[in-house]
There are 12 protein chains.
Amino acid sequence: MSMESVANSVQLPPLDNPHERQAVGGELEVVLQELIGLSLIGKQLHWSVIGPAARSVHLFLDELVGEWRELADVVAERAVTLGFVPDGQASAVSDGSRVEPVPVRSVVDHAVIWELARRVAAAAERVRERLARIGAADLVTQDVLVDVVRKLEQQQWLLRVQLGDRA
Amino acid sequence: MSMESVANSVQLPPLDNPHERQAVGGELEVVLQELIGLSLIGKQLHWSVIGPAARSVHLFLDELVGEWRELADVVAERAVTLGFVPDGQASAVSDGSRVEPVPVRSVVDHAVIWELARRVAAAAERVRERLARIGAADLVTQDVLVDVVRKLEQQQWLLRVQLGDRA
Amino acid sequence: MSMESVANSVQLPPLDNPHERQAVGGELEVVLQELIGLSLIGKQLHWSVIGPAARSVHLFLDELVGEWRELADVVAERAVTLGFVPDGQASAVSDGSRVEPVPVRSVVDHAVIWELARRVAAAAERVRERLARIGAADLVTQDVLVDVVRKLEQQQWLLRVQLGDRA
Amino acid sequence: MSMESVANSVQLPPLDNPHERQAVGGELEVVLQELIGLSLIGKQLHWSVIGPAARSVHLFLDELVGEWRELADVVAERAVTLGFVPDGQASAVSDGSRVEPVPVRSVVDHAVIWELARRVAAAAERVRERLARIGAADLVTQDVLVDVVRKLEQQQWLLRVQLGDRA
Amino acid sequence: MSMESVANSVQLPPLDNPHERQAVGGELEVVLQELIGLSLIGKQLHWSVIGPAARSVHLFLDELVGEWRELADVVAERAVTLGFVPDGQASAVSDGSRVEPVPVRSVVDHAVIWELARRVAAAAERVRERLARIGAADLVTQDVLVDVVRKLEQQQWLLRVQLGDRA
Amino acid sequence: MSMESVANSVQLPPLDNPHERQAVGGELEVVLQELIGLSLIGKQLHWSVIGPAARSVHLFLDELVGEWRELADVVAERAVTLGFVPDGQASAVSDGSRVEPVPVRSVVDHAVIWELARRVAAAAERVRERLARIGAADLVTQDVLVDVVRKLEQQQWLLRVQLGDRA
Amino acid sequence: MSMESVANSVQLPPLDNPHERQAVGGELEVVLQELIGLSLIGKQLHWSVIGPAARSVHLFLDELVGEWRELADVVAERAVTLGFVPDGQASAVSDGSRVEPVPVRSVVDHAVIWELARRVAAAAERVRERLARIGAADLVTQDVLVDVVRKLEQQQWLLRVQLGDRA
Amino acid sequence: MSMESVANSVQLPPLDNPHERQAVGGELEVVLQELIGLSLIGKQLHWSVIGPAARSVHLFLDELVGEWRELADVVAERAVTLGFVPDGQASAVSDGSRVEPVPVRSVVDHAVIWELARRVAAAAERVRERLARIGAADLVTQDVLVDVVRKLEQQQWLLRVQLGDRA
Amino acid sequence: MSMESVANSVQLPPLDNPHERQAVGGELEVVLQELIGLSLIGKQLHWSVIGPAARSVHLFLDELVGEWRELADVVAERAVTLGFVPDGQASAVSDGSRVEPVPVRSVVDHAVIWELARRVAAAAERVRERLARIGAADLVTQDVLVDVVRKLEQQQWLLRVQLGDRA
Amino acid sequence: MSMESVANSVQLPPLDNPHERQAVGGELEVVLQELIGLSLIGKQLHWSVIGPAARSVHLFLDELVGEWRELADVVAERAVTLGFVPDGQASAVSDGSRVEPVPVRSVVDHAVIWELARRVAAAAERVRERLARIGAADLVTQDVLVDVVRKLEQQQWLLRVQLGDRA
Amino acid sequence: MSMESVANSVQLPPLDNPHERQAVGGELEVVLQELIGLSLIGKQLHWSVIGPAARSVHLFLDELVGEWRELADVVAERAVTLGFVPDGQASAVSDGSRVEPVPVRSVVDHAVIWELARRVAAAAERVRERLARIGAADLVTQDVLVDVVRKLEQQQWLLRVQLGDRA
Amino acid sequence: MSMESVANSVQLPPLDNPHERQAVGGELEVVLQELIGLSLIGKQLHWSVIGPAARSVHLFLDELVGEWRELADVVAERAVTLGFVPDGQASAVSDGSRVEPVPVRSVVDHAVIWELARRVAAAAERVRERLARIGAADLVTQDVLVDVVRKLEQQQWLLRVQLGDRA
């Protein structure tokens, strides 16, 4: 029996408007790729940060990366729960994620914070824009994305305050 | 002082439309009975599964049962928080839960997965149907039930994929 | 190969008097249903207890329920070890357990203790009556049931002393 | 660069209606002060409770205080995430919190429960009133406050049932 | 029986000079209010710190707050052990604590350290002044306050060194 | 080489007034016997308490017993550190401890608290009387006994408040 | 209602031959006193052992004492479960325990092992003698005492082997 | 002093019929060798299992091996407790254990389960046959062997059910 | 001071042949990209696996991903230790890793194992080829890569045996 | 597909000189048998040690046995990684291990140390002799065996020093 | 701003007699050097102990070293808290510590205990002599040193008893 | 029997060229002294660091000190494993370690990093120079020193990057 026929007998979650399943899955795939993109540049900066605050930033980045990986798992599992397999491999992330790459060289600590802050803020904003649209299609998926925004915006705050008195 | 009079002095949560308290409580009772029903057939299959994957399914069932018991606690405590005592005893579950019983004999591993997948999918769908109605009455109870649906649908996925290439 | 034929090649535990396997299994099923019955009324009271000692009783009930669930697992697994699948689902428990239901409303703390004490004492006594008969058939199953009685009688003491100076 | 100018380059979360940021921040500040107020009277009663149930109430109060402190952190961090610094110091709490003070003397256990139950119920109700208004401005902040109400109402239940048979 | 009469039958700790019980209790109340005051401004700064070291200071403040809360508990429990109920609520702290409030806005990291260092040093000094006087009245209470001073002076060092090369 | 001669080569702690070593050791032995006496009646009541608060008192007694056993260890080890072997066996405790025995039958919960409160208060007072005398002989032993008094007086408070509104 | 009348309504465990309840309780009391006696001399030797192996014996004694205390708890709770309150206070142990006291002075390590080995062997033998008699009255109490003998005989072995090549 | 003479002074456990000590020891030695034999073939299969379920079986085998090693320890220590040193070295196990060797090559997962199931069933049966005989000589040793049979029969069930639908 | 000038004052590890630093760094970068590539396809398959063994493979993949991420960290940190910043971002991995992508759809469990086994074997072989060359340049880096090969070859075995009887 | 053909498609680790795979596997099998042999005599002595240091040696032996079992696992898994299934069953160990058996009777503590020290030293030396030969064939296997020698030689030191002043 | 000027604005702890700050700092430095000296000879003996008790002494030494390191930290941090930086480097310890070096060769176990016992006793005595003098200057520092003496004298006891019957 | 004669009977590890044992031991002693030297200056700076990053550096230093102490243990134990007792006492470290002392006064945070970075880099380089020479004598000791270099060079990186943008 193919995946499709199994889906017929053990039904997928019945969204109010079933033909939106594909659309919701696609939205989740984009969010997934953003989160994987963030986790890869997070690691990149974890290795390349320099400057007086390097060690502190190095440790902070690992916490952020841990949070992005966890959110990515939640998002991807919601997509497959809806019967949609998102693509989270290197080339799909490279093509699909709108997270800007970072330079491949040593980066000074405050620049690391600055670069990350911009990227996290932009990613949070892109997910936030999806909230209302997805809430109309599926309250449960909306709940997943509210969790993503809530965490990204909190990170955005933690990053933003580290830029506070720099001019 | 009776329960009622205490409720007068230390008020129950003020739903927007107070006479819906009884209705919301009743909905939560049904969900509770479904969850207890699932946890009892889960244990039943935990003991009676056979076949090459028996041990793995045996362990998986204990995780599911743990999750259903935890959700049942959350649901029942939300009901009493609203001043409604739901019935979670054997005969009430036997009468009220729409979860089909399973045969009382050894059951082969893939049949266990199949039987559970159908029951979890059906239970998830029944709770999902309640979401909008309850959201109108009480946002906080809706939040409780979104958690229930989110978890049940994730289990539904974990079960469904185990049926993937069987024909 | 059917369950029976497997049982022929990988033998079930050889009780001294093999035709008693069915009888021993049946005794274990009754004990199982008592324990599940206790765990369901335990949870019911956990949610519906009121009164000055409500919180303390609420916590105590969760410990008792935990112990009953663990004993139920041991008993059910002993039954299937002997090749007998007991029925632990809602309707079987509703029919087979001799544990009396409790009322579905708020119950005052001392009444909770009193109601439980009576039910645990009765259940302990019913299992104790089986000890000698089962010891004759299978020493290992007797050891399982001695553990059940030992734990139930200890709970009976913990409950009984809470009734001590009430008149 | 001032806080404001940084906010311009690394944008704050873009609420649908940006001029509501100040309003939402103000609502969160009030909730924060309520929670700090609760945690201070919780500690006060933790030290001054007497009576047969004193030890049990003493321990229960520390759990409640822990939960209020955790919620206060979540609420305050949501406010600063939105670019609003709430005031959580003694005089601001003294002025802004609507949680009534408790008497500074030994307080008998059941009176402790009664006093707390009234204050928690009132605080929960005040936050609940804000839910719809804030949901219109920011879904993520609403999610934070639903968590606050859910926890406060659960505490309200745990307190209320301890008053159950007292007349 | 009132608190007083119980105190007559199960005596309070017999200080050498019993009429000093009230005085010692009063001293402990002042120390308690200082410690609560510190913990509230500690949290306030935890939320409002900005600047390159914001995250490190943010974490450090939570450790300090944890230590102040623990000391507050020890001090308050010593007071009630002596039969004196101190007031630790918002308005009492607002009136009684000599810890200066901090501004309600974003505060740059080094200013946070500076502001805290001054307040902790002043608080430590005020408690230290009480040591000899209290030692004369009650060696055990003195032992409690030596612990408070030892911890506050250690924090004072940890804060002071962070100001070391700033001019 | 005998104990004495070893003591000559690896000297015992040099108290200011060496012939007081025997006296200090004797004081510690009395405290040890009080603490063992408390721990034995603590266990006795742990087994024989009845009444509505029986379980809570049962658990509380185990905490107290744990604290008394730990203090006894500290006191006995301080005595042998000074070269004095105290006697902590049943008959020595029976003869030397001034802690009154409790009746050998079921004891109602509030009577347990009352009986313990009186005994702990009396024991704390007897140790407190020794503080100044021992401080003159050995500051380190005084530090040990201040710890004992501080803990016993805290227990005395926890017990006393449980008697608060009983008449 | 007195203890007796409660016992009538919430029955004590129904031994086959009910008038043996007193006898079984008495046997358990003797075992309890032996175990408390062992734990007190165990601690005594823990403090007074000297010699090259002193530290190793010092640690070993704490393990043994821990095991005796745990067994004492199990035995005492079985006795009260049967409705019999045993006496475990200093003077009862001093009178009832047949465990010989040890000298109150420094004791060389191998003598400690020797003295303990004799006492544990004798105690194990005295409990073993009770096994058959108690099994006839109550299988569950027999199970408790088999656990006691099993542990004491294992300790006896651990002690005996340490004497192996000493002549 | 030789082992024998020590045995005279610190007596071995006094079996009812002392000349059976040697016999009981011999029985325990056989059980020990069976358990070591099982643990060695368990590890062998842990390394050589192949097939789709290889990883799951690989992990399961480590759990079984852990249980056999623990049981072996308990059995051997009971033997030496009785004054009998059993032989658990490679050649004794090779000669004395009746557990059949397994082939030294890759073994497919279901064959692993089949081979183990037969060997565990046979071993359990051989120990079970000893129960009554040993119970007559020593109740405590019987208790040890009941634990062995109980665990082996439970493993036998876990293995047997994995063969359930294979033909 | 630039990175280079700092490197002059606090020297980089002095390889025997310093101009090989760049070459060794480049080799480590390739290994890093392979490991990130593996971790991304590992997660992809974690989400898309179906079939009877889906859950077991799902869990296994998370362990493998955890091991690859840890090795990636060790490899990247060795590169920067040598003064070379490797590129681990999505597009670099997409271009540089020779790990083949997997299809973006549900994949049956045994196919998952097969696909992974091939990719891990190939990756292990590619790293192994580098061992001798790198050992000549830097023994410490060789030690890092031996750890990588050792772990990858162990995984290769764990994967290979799961294919054992499939034809 | 047979094991061999799978090996063709998912290649085994490509040693430089492939026909040495059999040889390396054989060397690992010998080391495995030595380690299992050590762990069996370690347990044997764990049970049969007597004398003043018996308990300390008893505990030390369990640590050594734990280390040997872990090394055995690593060694066996390396062998199967290379496609060679080593034999670790009782008769193979009995035939292949060059670790001398120990006598089956009580053994005095210092003799235990002496006997073990000789056997560990000999085993370490036999593995060390293999290092260079295996390094030429496979650097990764050499790394495994260096770990074995490093641990065995460290144990040899810990044993040797315990013999230091015995003549 | 220099250290001095910071000290002016964020005052150092105000000792009663401020010019004694230097003196108290100097006393703490001597104690620090003693403790580091002890920890270095502790490690030295940890590596060089031989004899039958070597392993037990080896483990004991690590505990002592751990305690000395912790005390050293407390002492050094108290010194810098008072504005005095003590010297804890190798040459300062070599010059300032009065702890005698130990020979650099294998040392028999009982000699290790003897050598340590003498050194710890001497160090404890030297710190004890400082107690009164420092108490006059600063009660808080006295509290720190009482902790040091209390721990050192306890170690002195643990060492002394191991010498008990040696002549 | 002297150490030498024991070494004859329980042989030391047989290096290929036995007369190099002394040489290898001497090399390990030098490394040991470097590591102890690092750990003492690490602690010194832990206490004397000041400046805005003081707390972060303070914590980082404790991690480094922990790593140096662990490596020192490994190195010293390898030396005695080879029969060579290295000297790790204060005067030997003061004479033998080539780690430069640091000034005894408050040191600003970035200067701490700079001073440490230089010392760690130099120490790493000195150990690295020994690798080839020692590999020729003993592969196992080489493996120990590769671990030392790998860790020191990683620390060197973590320190170096903190200097990155400072000019």
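Conventions used here
Residues numbered from 1 in each chain as written. Chains lettered and ligands numbered in written order. Predicted model: local features only at pLDDT ≥ 70, side-chain atom pairs only at ≥ 80, totals over all residues. Heavy atoms only, no water. Helix = DSSP H or I, 4+ residues; strand = E, 2+ residues; numbered from the N terminus. Buried < 20%, exposed > 50% of the residue type's maximum accessible area, 1.4 Å probe, protein only. Contact = heavy atoms within 4.5 Å. Areas by Shrake-Rupley, 256 points an atom, 1.4 Å probe, with all protein chains shown as cover. Lys, Arg positive; Asp, Glu negative; His and termini not counted. Charge placed at Lys NZ, Arg CZ, Asp CG, Glu CD. Expected span 1.5 Å × (residues − 1). Least-squares fit on C-alpha atoms with pLDDT ≥ 70 in both. Buried area = accessible area lost by both parts, 1.4 Å probe. Salt bridge = Lys/Arg side-chain N within 4 Å of Asp/Glu carboxyl O. Polar contact = N/O pair within 3.5 Å; in protein donor to acceptor, adjacent residues only side chain to side chain. Nonpolar A, V, L, I, M, F, W, Y, C, P; charged D, E, K, R; others polar. Axes fitted to C-alpha atoms, helices over the stretch in contact; angles between N-to-C directions. Parallel < 35°, antiparallel > 145°, perpendicular 65-115°, else oblique. Left-handed = near helix turned anticlockwise from the far one by under 90°. pLDDT = per-residue confidence, 0-100.

Draft legend 1. Highlighting the overall build of chain A. Helix and strand counts for chain A stand at 6 helices and 2 strands. Listing the helices and strands of chain A from first to last along the sequence gives α-α-β-α-α-β-α-α. The buried share of chain A, reckoned over its 167 residues, is 65%. Sequence separation of at least 24 residues holds for 81% of the intrachain contacts in chain A that already meet a minimum separation of 6. With the model as given, the accessible surface of chain A reaches about 5500 Å², and the carbon-plus-sulfur share is 51%. Within chain A, one finds 17 positive and 24 negative side-chain charges whose respective centroids are separated by 6 Å.

Draft legend 2. Expanded view of the side chain of Asp 73 of chain G. The residue Asp 73 of chain G is located in helix α3 (residues 54-81) in this model. Given the relative accessible area of 16%, Asp 73 of chain G is considered buried. Look past the residues within four positions of Asp 73 of chain G in its chain and what remains in contact with it is Lys 43, His 46 and Trp 47 of chain F.

Draft legend 3. Representation of helix α2 (residues 21-48) of chain K in the model. End to end, α2 of chain K covers 41 Å across 28 residues, agreeing with the expected 40 Å (1.5 Å per residue, within 8%). α2 of chain K sits mainly inside the fold: 24 of its 28 residues count as buried.

Draft legend 4. Representation of the arrangement of the chains. Chain G makes no contact with chain E, the minimum C-alpha separation between the two being 23 Å. The closest approach of any C-alpha atom in chain E to one in chain I is 20 Å; the two make no contact.

Draft legend 5. Quick peek at the relation of the copies chain I and chain A. When chain I is brought onto chain A, the operation consists of a screw motion whose angular component is 180° and whose axial shift is 0.0 Å, with 0.0 Å RMSD remaining. On the angle and the small slide along the axis, the relation comes out as a two-fold axis. Rotation axis and chain I: the residue whose C-alpha lies nearest the axis is Ala 90 of chain I, separated from it by 2.5 Å. Looking at the interface residues of chain I, 100% of them are also at the interface in chain A, so both copies use one shared face.

Draft legend 6. The interface of chain K and chain F, seen in detail. The partner chain F presents 23 residues to the 23 residues of chain K that form the contact. Among the residues of chain K in contact with chain F, Arg 128, Arg 150 and Arg 160 of chain K are the three that bury the most area, contributing 36% of the side total. Our enumeration of links across chain K and chain F arrives at 4 salt bridges. For Arg 78 of chain F, the salt bridge is made with Glu 153 of chain K, and the minimal N-O distance between the two is 2.8 Å. Our count for the chain K to chain F interface comes out at 7 residue pairs in polar contact (both at pLDDT 80 or more). Those elements giving two or more residues to the side of chain K that touches chain F turn out to be α5 (109-137) and α6 (139-160) of chain K. The element best represented in the side of chain K that touches chain F is α6 of chain K, accounting for 11 residues. Considering only residue class, the side of chain K that touches chain F consists of 9 nonpolar, 4 polar and 10 charged.

Draft legend 7. Main features of the environment of Ala 132 of chain L. You can see Ala 132 of chain L is positioned in helix α5 (residues 109-137). Expressed as a C-alpha distance, the spacing of Ala 132 of chain L and His 19 of chain L, which sit 113 residues apart in the sequence, is 18 Å.

Draft legend 8. Broad picture of the packing of helix α6 (residues 139-161) of chain G against helix α3 (residues 54-81) of chain H. The N-to-C vectors of α6 of chain G and α3 of chain H enclose an angle of 70°; their axes lie 9 Å apart at closest approach. Comparing the axis directions of α6 of chain G and α3 of chain H gives the class roughly perpendicular. The way α6 of chain G lies across α3 of chain H gives a crossing that is left-handed. On the side of α6 of chain G, the interface is formed by Arg 150, Glu 153, Gln 154, Trp 157 and Arg 160 of chain G, while α3 of chain H contributes Val 74, Glu 77, Arg 78, Val 80 and Thr 81 of chain H.

Draft legend 9. Geometry of the interface of chain I and chain A. Taken together, the contacts link 32 residues of chain I with 32 residues of chain A. Summed over the shared surface of chain I and chain A, the number is 2 salt bridges. Across the salt bridge formed by Lys 43 of chain I and Asp 73 of chain A, the nearest N and O atoms sit 2.7 Å from each other. Scanning the region where chain I abuts chain A turns up 10 residue pairs in polar contact (both at pLDDT 80 or more). Broken down by secondary-structure element, the contributors of at least two residues to the side of chain I that touches chain A are α2 (21-48), α3 (54-81) and α4 (90-96) of chain I. The element contributing the most residues to the side of chain I that touches chain A is α2 of chain I, with 9 residues. Across the side of chain I that touches chain A, the residue classes break down as 17 nonpolar, 9 polar and 6 charged.

Draft legend 10. The arrangement of the confidence of the model for chain A in detail. Across chain A, the average pLDDT comes to 92, with 92% of residues at 70 or higher. Both scores are available for the predicted complex, with the pTM at 0.95 and the ipTM at 0.93.

Draft legend 11. Region of interest: the pattern of salt bridges. All chains considered together, the criterion is met by 204 salt bridges over all chains. Glu 115 of chain D is the partner of Arg 119 of chain D in a salt bridge, and the nearest nitrogen-oxygen pair spans 2.7 Å. One end of the pair is Arg 119 of chain D and the other is Glu 115 of chain D, both in helix α5 (residues 109-137) and 4 residues apart, which spans about a single turn. Arg 119 of chain D sits in the buried class, given a relative accessible area of 4%. If you follow the salt bridges from partner to partner, you end up with Arg 78 and Asp 138 of chain A together with Arg 128 and Glu 153 of chain B in one network.

Draft legend 12. Inspection of the packing of helix α5 (residues 109-137) of chain E against helix α6 (residues 139-160) of chain E at higher detail. All names here are of chain E. One can describe the packing of α5 onto α6 by two numbers: an axis separation of 8 Å at closest approach and a directional angle of 160°. It follows that α5 is roughly antiparallel to α6 by the angle criterion. When the axes of α5 and α6 are compared, the crossing they make is left-handed. A per-class count over the contact of α5 with α6 returns 18 nonpolar, 5 polar and 2 charged.

Draft legend 13. Just the relation of the copies chain K and chain F, in detail. Mapping chain K onto chain F calls for a rotation angle of 120° and an axial translation of 0.0 Å; the resulting RMSD is 0.0 Å. On this basis, the relationship between the two copies can be described by a three-fold rotation axis. Within chain K, Asp 143 of chain K has its C-alpha nearest the rotation axis, a separation of 5.1 Å. Comparing interface residues between copies, only 9% of those in chain K also lie at the interface in chain F; the contact surfaces differ.

Draft legend 14. Looking closely at the environment of Val 57 of chain I. All names here are of chain I. Along the chain, the position of Val 57 falls in helix α3. Each C-alpha atom, one on Val 57 and one on Ser 39, is 15 Å from the other, the two residues being 18 residues apart in sequence. Once you skip the residues sitting within four places of it in the chain, Val 57 turns out to touch Val 49, Asp 109, Val 112 and Ile 113.

Draft legend 15. Expanded view of the environment of Trp 68 of chain C. Residues and elements named next belong to chain C. The topology assignment puts Trp 68 in helix α3 (residues 54-81). A sequence separation of 36 residues divides Trp 68 from Leu 32, and the C-alpha atoms of the two residues are 9.5 Å apart. Among residues more than four places away in sequence, those in contact with Trp 68 are Leu 35, Leu 38, Ser 39, Gly 42, Leu 116, Val 120, Leu 152 and Gln 155.

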